[in-house]
Amino acid sequence: MASFLLGLTGCGVLFGKPASFVAAARVGNEEKKPPRFFAPPLAIATSEDAVVRVIGRHVTCSGTLVEDDLVLTAHHCVVERGKSGEFTHRALTGKDIRIELGGDYLAWGYVGVKHVVAPPCGESGGAGDVAVLVLERKLVGLGTMTARLDVPPKEGEPVDPVGFGRCALSPDGIHRSIRGGGHIAAVGPGTLSLEASICPGDSGGPLLARGSHQVVGVISQSAMDGDEQTRSASIATRIDRYRMVFSNARLIADGMSPSEVPPLTCERGP
């Protein structure tokens, strides 16, 4: 766990016990291990393929294709790192980010990023830890998941995280996994609290309303212990409070200059 503690750290109390939260990004660009068997080259994409791997300059994370040219992820996954490894507020440029397609052990495709849209906060996790990446091209034929922006998450709602993380004790290589989820314990102004199985590299992955492909939050932080079976205190960012991030990304994807879109603030939506 030492290498992972270079990310965000903070102490808090959740569910009645102390918790030390760490950003659920994976430091470094660990490559996937080759599989024993290769998938057919013309395999049909499924809706789960909307969960993708986000590879930045310093960390690897997860993300969700919410439109055929927009990927939702965590803000701290796409910012520069400081000299001590801390997350800064400076967003990476598109050329420093790569989206890896394919949920098993080998990627079957890559796409570049044209622009990063994120509020001027959230780079250290928690509230505001959301970003939408405008892709260089549309991914025609690849399934998407719905960003649930009009229906707020509710306390007690069952949810499940999905990501490409890998814990220290994970027996397998890196691949997309549906994590052990649970019920939302608390709904804050910009975050959700729950107990869930989270591994380094799951940051930015979707928190799905159980039994659906609706994204209600973005995985941000967790008190991870190195075992992917452990449900630990975790925090996700509410996406319904940052609708303007999505609308600005849509405008840029449709051809508007980033300098022409409305400025983003840290004030949350209605």
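Worth saying up front: this structure is predicted, and the values here are computed from it rather than measured.

### As for the packing of aromatic side chains
Tallying each qualifying case throughout the model produces zero aromatic pairs. Note that arginine 81 overlies the ring of phenylalanine 87, its terminal NZ or CZ placed 4.3 Å from the centroid.

### A few points about the state of the cysteines
What the rule picks out here adds up to two disulfides. The disulfide bridge from cysteine 61 ends at cysteine 77, spanning 2.1 Å between sulfur atoms. Torsion about the S-S bond of the cysteine 61 and cysteine 77 cystine: about -90 degrees, corresponding to left-handed handedness. Placement of the pair is cysteine 61 in strand E5 (residues 59-67) and cysteine 77 in the loop between strand E6 (70-73) and strand E7 (79-81), with a sequence separation of 16 residues. Residue class for cysteine 61 comes out buried when judged on its relative accessible area of 1%. A sulfur-sulfur distance of 2.0 Å marks the disulfide that ties cysteine 167 to cysteine 199. Sign of the S-S torsion, about -105 degrees for the bond between cysteine 167 and cysteine 199, identifies this disulfide as left-handed. Linking cysteine 167 in the loop between strand E13 (158-163) and strand E14 (177-178) with cysteine 199 in the loop between strand E17 (191-196) and strand E18 (206-209), this pair joins segments that are 32 residues apart in sequence. No difference in accessibility class separates cysteine 167 from cysteine 199, as the two residues are buried. When the bonded cysteines of the chain are counted from the start of the sequence, the pairing works out to 1-2, 3-4.

### Details of the environment of serine 212
Tracing the chain through its elements places serine 212 in the loop between E18 and strand E19 (214-222). Here serine 212 falls in the partly exposed class, since its relative accessible area comes to 25%. Separated by 2.9 Å, the side chain of serine 212 and the backbone oxygen of alanine 209 make a polar contact. Within the local environment of serine 212, its side chain forms a polar contact with the backbone nitrogen of glutamine 214, the two atoms lying 3.2 Å apart.

### A look at the nonpolar core
Membership of the largest hydrophobic core comes to 48 residues, with the highest contact counts inside it found for Leu72, Ile99, Leu133 and Ile239. Counting residues per element, the ones that place at least two in this core are strand E4 (51-55), E5, E6, strand E9 (98-101), strand E10 (109-117), strand E11 (131-135), E19 and helix H1 (243-253). In this structure, Leu194, Leu207, Ile219 and Met224 belong to the second largest nonpolar core, which totals twelve residues.

### Remarks on the confidence of the model for the chain
On average, the chain scores 84 in pLDDT, and the residues at 70 or more come to 82%. Note that residues 31-43 has pLDDT below 50 and, in this model, 17 contacts with residues that lie over four places away or in other chains.

### Digging into the pattern of salt bridges
Per the counting criterion, the structure on display carries 15 salt bridges. Ionic pairing is found between arginine 179 and glutamate 228, a salt bridge with its closest N-O pair at 3.6 Å. Note that arginine 179 is positioned in the loop between E14 and strand E15 (182-183) and glutamate 228 in the loop between E19 and strand E20 (232-238), a separation of 49 residues in sequence. Taking relative accessible area as the criterion, glutamate 228 reaches 22% and is therefore assigned partly exposed. With its nearest N and O atoms 2.9 Å apart, the salt bridge here joins aspartate 254 to arginine 250. Take aspartate 254: its relative accessible area is 57%, and that puts it in the exposed class. Where salt bridges share partners, they join Glu67, Asp68, Asp69, Lys138, Arg250 and Asp254 into one cluster.

### Observations concerning the environment of aspartate 172
Assignment of secondary structure puts aspartate 172 in the loop between E13 and E14. Each C-alpha atom of the pair aspartate 172 and tyrosine 105 lies 9.7 Å from the other, and the pair is 67 residues apart in sequence. If near-sequence neighbours (up to four positions away) are discounted, aspartate 172 is found in contact with Tyr105 and Arg166.

Analysis parameters
Counting starts from 1 at the beginning of each chain's written sequence and moves along it residue by residue. Local features in this predicted model are restricted to residues of pLDDT 70 or higher, and side-chain atom pairs are both shown and tallied only at a pLDDT of 80 or more, whereas totals for entire chains, interfaces and linings draw on every residue. Excluded from the side-chain calculation are hydrogens and water; included are all heavy atoms of the structure. In this analysis, rings of Phe, Tyr and Trp, with Trp reduced to its six-membered ring, are considered paired at centre separations within 6.5 Å, and the interplanar angle assigns stacked below 30 degrees, edge-to-face beyond 60, and tilted for intermediate values. Geometrically, a charge over a ring is one whose NZ (Lys) or CZ (Arg) sits within 6 Å of the ring centre while staying within 35 degrees of the ring normal. Any two cysteine sulfur atoms lying within 2.5 Å of each other are counted as a disulfide. A run of H or I in DSSP counts as a helix once it spans at least four residues, and a run of E counts as a strand once it spans at least two, with each numbered from the N terminus. Between buried and exposed lies partly exposed: a residue is buried under 20% and exposed over 50% of the maximum accessible area for its type, with that area taken using a 1.4 Å probe on protein chains only. The term polar contact refers here to a pair of N or O atoms within 3.5 Å; inside protein, the definition further demands a hydrogen-donor-capable atom paired with an acceptor-capable atom, and it admits residues adjacent in sequence only when both atoms are side-chain atoms. Buried Ala, Val, Leu, Ile, Met, Phe, Trp, Tyr and Cys residues that are joined via side-chain atoms within 4.5 Å together make up what is termed a nonpolar core. pLDDT measures how confident the predictor is about each residue, on a scale from 0 to 100. Contacts are assigned to residue pairs with any non-hydrogen atoms lying within 4.5 Å of each other. By convention in these notes, a salt bridge is any Lys or Arg side-chain nitrogen within 4 Å of a carboxyl oxygen on Asp or Glu.

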